[in-house]
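So the chains spell out like this:
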Amino acid sequence: MTATPASETTAQTLKGLRVLDLSRILAGPTATQLLADLGAEVIKIERPGKGDDTRGWGPPFMTDAAGADTRESAYYLSANRGKQSVAINIADPQGQALIASLAAKADILVENFKAGDLARYGLDYATLAAINPRLIYCSISGFGQTGPNADRAGYDFLVQGEAGLMSLTGEPDRPPMKAGVGIADLMCGMYAVVGILAAVQARHNSGQGQHIDIALMDTQVAMLVNQGVAHLTDGQIPPRRGNDHPTIVPYGTFPASDGDFILAIGNDTQFARFAELAGAPGLAQDDRFATNAARVRNRAVLIGLVAGLTAGKTAADWLAACAAHGIPAGPINDLSQVFSSPQVAARGMKVQMPHPTAGKGTVDLIGNPLKLSKTPICYTKAPPTLGADTHAVLQDHLGLGTAELLALQDAGVIEGTPLE
């Protein structure tokens, strides 16, 4: 799917909101990318010379016309669509003044520095709220702005372990495992956007901004959902169950003659249909398996029986038969199969955007899953090169002239390409 140009969209949900993005890595950038997809103007502040740490987190990197690696890693490209890159040295007093001036004109500021760090630069919430009382200031951190761990740096992997997710993930007889993507970062970014939009709505009534304090640890604890509440209910430590569900059986991966596939049988009627389809209708009448609660209590026996039944046919045969009989089942796709799927194509989940340094002229990105009927997602700009918009943003938003911009660049305060 080719990205929809901005001119083809009549309106965007967040058009008119300006976001100053002081975040890097994944949690903050995914939050601000979502805001950009919804129409907000996002100004990404980066360090001159290096930029967002993830620019160098590769390979793979996007390649130029000569086939050489560019400064844009796939990791960076995944979370920075729709933004303007402004390279400012935050350690320089002149750089701090520039950022504060941009914050004075912003609706939202998102940052993920360690708790208290931005106060050293005069860019903390209290200081900027005094300049701009309408500012919604979102602080994303590992452990929050309060508590005994507030001064600790937070990383997705550490939080997956410390907040319990890894204790639930993996095979019972193997070591704990993290998820295959940075789920703690991603969900923290999603919660951050919810908080930001709630604060925007509150500002409509009060005229005042506010500080949002959101932590990877807190959001990961919230994500324990049924497993966490099960522990709070009975005091038991949930074991790792691999691909099996803690309270639904059979619900997991099962062997076919040519590989594994997924059965996700969610109720007694579906189980009876499966038993009939598998040529073992008596399973559904067996007191050990007739109800889901019984199947959970007798999971080890039942899973062995089901595996014996499924092993005799190919995965494709099982998927076709289950689909015909209304039994939830699915394949286990690799990423090549995912992105070549007709369903993924039909839903616009792979998008292609023009990029100035890409050898093929475009970059492939993952689409936004939101489908809004009146104000659709609009992909306005590929992830920017470092400092691509420094001069334009400082000229347009702060009124700086060419001579001032060149002087700041010569002094190492900013980095960017001068306007023609």
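Structure shown above.
Each chain has its residues counted from 1, running along the sequence as written. Per-residue local features of the predicted model are confined to residues with pLDDT of at least 70, and side-chain atom pairs are confined, for both listing and counting, to 80 or more; whole-chain, interface and lining totals are unaffected and use all residues. Note: side-chain values were computed over all heavy atoms of the structure, leaving out hydrogens and water.

Enquirer: I keep staring at the side chain of Asn292 and nothing clicks. Help me out?
Expert: The way it works is that DSSP assigns letters per residue, a run of H or I at least four long becomes a helix, a run of E at least two long becomes a strand, and they are numbered from the N terminus. Inspection of the secondary structure assignment puts Asn292 in helix α12 (residues 292-297). Among the polar contacts made by the side chain of Asn292, one reaches the main-chain carbonyl oxygen of Thr247 at a distance of 2.9 Å. Ignoring sequence-local partners within four residues, the contact set of Asn292 consists of Thr247, Ile248, Val249 and Asp268. A 3.5 Å cut-off defines polar contacts: any pair of N or O atoms within that distance qualifies, except that in protein one atom must be a possible hydrogen donor and the other a possible acceptor, and neighbouring residues in sequence count only when both atoms are side-chain atoms. By definition, residues are in contact when any of their heavy atoms lie within 4.5 Å.

Enquirer: Would you mind going over a nonpolar patch on the surface with me for this structure?
Expert: Exposure above 30% relative accessible area and the absence of a salt bridge qualify a residue for a patch, where like charges join within 9 Å and nonpolar side chains (Val, Leu, Ile, Met, Phe, Trp, Tyr) within 5 Å. Per-residue and other accessible areas were derived by the Shrake-Rupley procedure at a 1.4 Å probe size, with only the shown protein chains allowed to occlude residues. The salt bridge criterion pairs a side-chain nitrogen of Lys or Arg with a carboxyl oxygen of Asp or Glu, the two atoms within 4 Å. Side chains of Leu335, Phe339 and Ile366 sit close together on the surface and give an oily, nonpolar patch of about 310 Å² of accessible area. Among the structural elements, Ile366 can be located in strand β13 (residues 362-366). Partly exposed residues are those whose accessible area sits between 20% and 50% of the maximum for their type, while under 20% is buried and over 50% is exposed, using a 1.4 Å probe and protein chains only. Classification of Ile366 as exposed rests on a relative accessible area of 51%.

Enquirer: What is the right way to look at the sheet that holds strand β8 (residues 211-215) in this model?
Expert: Paired through backbone hydrogen bonds, the strands of a sheet run either parallel or antiparallel to each other. Strand pairing is defined by DSSP finding a minimum of two bridges between the two strands. With mixed pairing, seven strands are arranged side by side in an open sheet as β8-β7-β6-β1-β2-β5-β14. Only two strands of the sheet have a single partner each, and these edge strands are β8 and β14 (414-415). Sheet topology note: the strand β5 (residues 83-88)/β14 ladder contains two bridges and is antiparallel. Bridge pairing links Ala87 to Glu415 in β14.

Enquirer: Would you take a moment to explain the pattern of salt bridges for this structure?
Expert: Where charged atoms from two side chains of opposite charge approach closely, those side chains can pair. One pass over the structure, following the stated rule, counts 14 salt bridges. For Glu162, the salt bridge goes to Arg152, with nearest N and O atoms at 3.0 Å. A residue pair is termed long-range when its members are at least 10 positions apart, and Glu162 in helix α5 (residues 156-162) and Arg152 in the loop between β7 (136-141) and α5 qualify at 10 residues. The exposure class of Glu162 is partly exposed, given its relative accessible area of 37%. Note that Asp286 and Arg288 form a salt bridge whose closest N and O atoms lie 2.8 Å from each other. Using a relative accessible area of 38% as the deciding quantity, one classes Arg288 as partly exposed. Connected via shared salt-bridge partners are Glu46, Arg55 and Glu72.

Enquirer: How should the packing of aromatic side chains be read in this particular structure?
Expert: Aromatic rings considered in pairs are described by the distance between their centres and by the relative angle of their planes. For Phe, Tyr and Trp, rings pair up if their centres lie within 6.5 Å, where Trp contributes its six-membered ring, and each pair is then called stacked (planes under 30 degrees apart), edge-to-face (over 60) or tilted (otherwise). This structure, assessed with the given rule, holds four aromatic pairs. Plain terms: the ring middles of Trp57 and Tyr75 are 5.1 Å apart, the flat faces sit at 85° to each other, and that makes the pair edge-to-face. With Trp57 in the loop between β2 (41-46) and β3 (61-63) and Tyr75 in helix α2 (residues 74-77), the pair connects residues that are 18 residues apart, well separated along the chain. Accessibility expressed as a relative area gives 39% for Trp57, which makes it partly exposed. Pairing Phe274 with Trp318 gives two aromatic rings, centres 5.9 Å apart and planes at 35°, and the pair type is tilted. Taken together, the residues Phe274 in helix α10 (residues 268-277) and Trp318 in helix α14 (residues 315-324) connect sequence positions 44 residues apart. Residue classification places Trp318 among the buried residues on the basis of a relative accessible area of 2%. The rings of Phe261, Phe274 and Trp318 are connected pair by pair, giving a single aromatic cluster. Two thresholds decide whether a charge sits over a ring: the Lys NZ or Arg CZ must be within 6 Å of the ring centre and within 35 degrees of the ring normal. A cation sits over an aromatic face here: Arg55 above Tyr76, 4.0 Å from the ring centre.

Enquirer: When you look at the packing of helix α3 (residues 93-104) against helix α17 (residues 390-398) in this model, what are you seeing that I'm missing?
Expert: For any two helices packed against each other, one specifies the crossing angle of their axes together with the interaxial distance. Lines are fitted to the C-alpha atoms to define the axes, a helix being fitted only along its stretch in contact, and any angle between axes, read from their N-to-C directions, falls within 0 to 180 degrees. With their axes 11 Å apart at the nearest point, α3 and α17 run at an angle of 55° to one another. In terms of axis orientation, α3 runs oblique to α17. Crossing of α3 against α17: the hand is left-handed. Mapping the contact onto sequence places Leu98, Ser101 and Leu102 in α3 and Val393, Leu394, His397 and Leu398 in α17. When its residues are assigned to classes, the contact of α3 with α17 shows five nonpolar, two polar and no charged. By definition in this entry, angles of less than 35 degrees are roughly parallel, angles greater than 145 are roughly antiparallel, angles of 65 to 115 are roughly perpendicular, and the rest are oblique. Each crossing gets its handedness from the near helix: less than a right angle anticlockwise from the far helix is left-handed, clockwise is right-handed. Nonpolar residues are Ala, Val, Leu, Ile, Met, Phe, Trp, Tyr, Cys and Pro. Charged residues are Asp, Glu, Lys and Arg, and all others, Gly as well, are polar.

Enquirer: Where do I start with the sheet that holds strand β10 (residues 259-264) in this structure?
Expert: Read across the open sheet, the three strands follow the order β9-β10-β11; overall the sheet is antiparallel. With one partner strand each, in any of the chains shown, β9 (251-256) and β11 (329-330) form the two edges of the open sheet. Sheet analysis places β10 next to β11, joined by two bridges and oriented antiparallel. What sits directly across from Ile262, in β11, is Gly330. In this fold α14 packs onto β9, β10 and β11, with an angle of close to 20° to the strand it touches most, β10.

Enquirer: When you look at the side chain of Glu111 in this model, what are you seeing that I'm missing?
Expert: Tracing the chain through its elements places Glu111 in strand β6 (residues 108-111). When charges are counted, Lys and Arg contribute as positive and Asp and Glu as negative, whereas His and the chain ends are disregarded. This buried residue, Glu111, is left without a salt bridge; Arg24 holds the nearest opposite charge, at 5.9 Å. At 2.8 Å, the side chain of Glu111 forms a polar contact with the backbone nitrogen of Phe113. Ignoring sequence-local partners within four residues, the contact set of Glu111 consists of Leu22, Ser23, Leu118, Tyr137, Cys138, Ser139 and Ile140.

Enquirer: Just to check I follow, could you spell out the nonpolar core for this structure?
Expert: Among soluble globular proteins, nonpolar side chains are generally buried collectively. What makes a nonpolar core is a set of buried Ala, Val, Leu, Ile, Met, Phe, Trp, Tyr and Cys residues whose side-chain atoms join them at distances within 4.5 Å. In terms of nonpolar packing, the biggest core is built from 41 residues, with Ile108, Cys138, Ile140 and Ile196 touching the most fellow members. Among the elements that line this core, the one with the most residues is helix α7 (residues 183-206), at seven residues. Not counting residues up to four positions away in its chain, the partners in contact with Ile108 are Leu17, Arg18, Val19, Leu20, Leu135, Ile136, Ile196 and Val200. With 28 residues, the next largest nonpolar core counts Ile45, Ile99, Leu128 and Ile414 among its residues.

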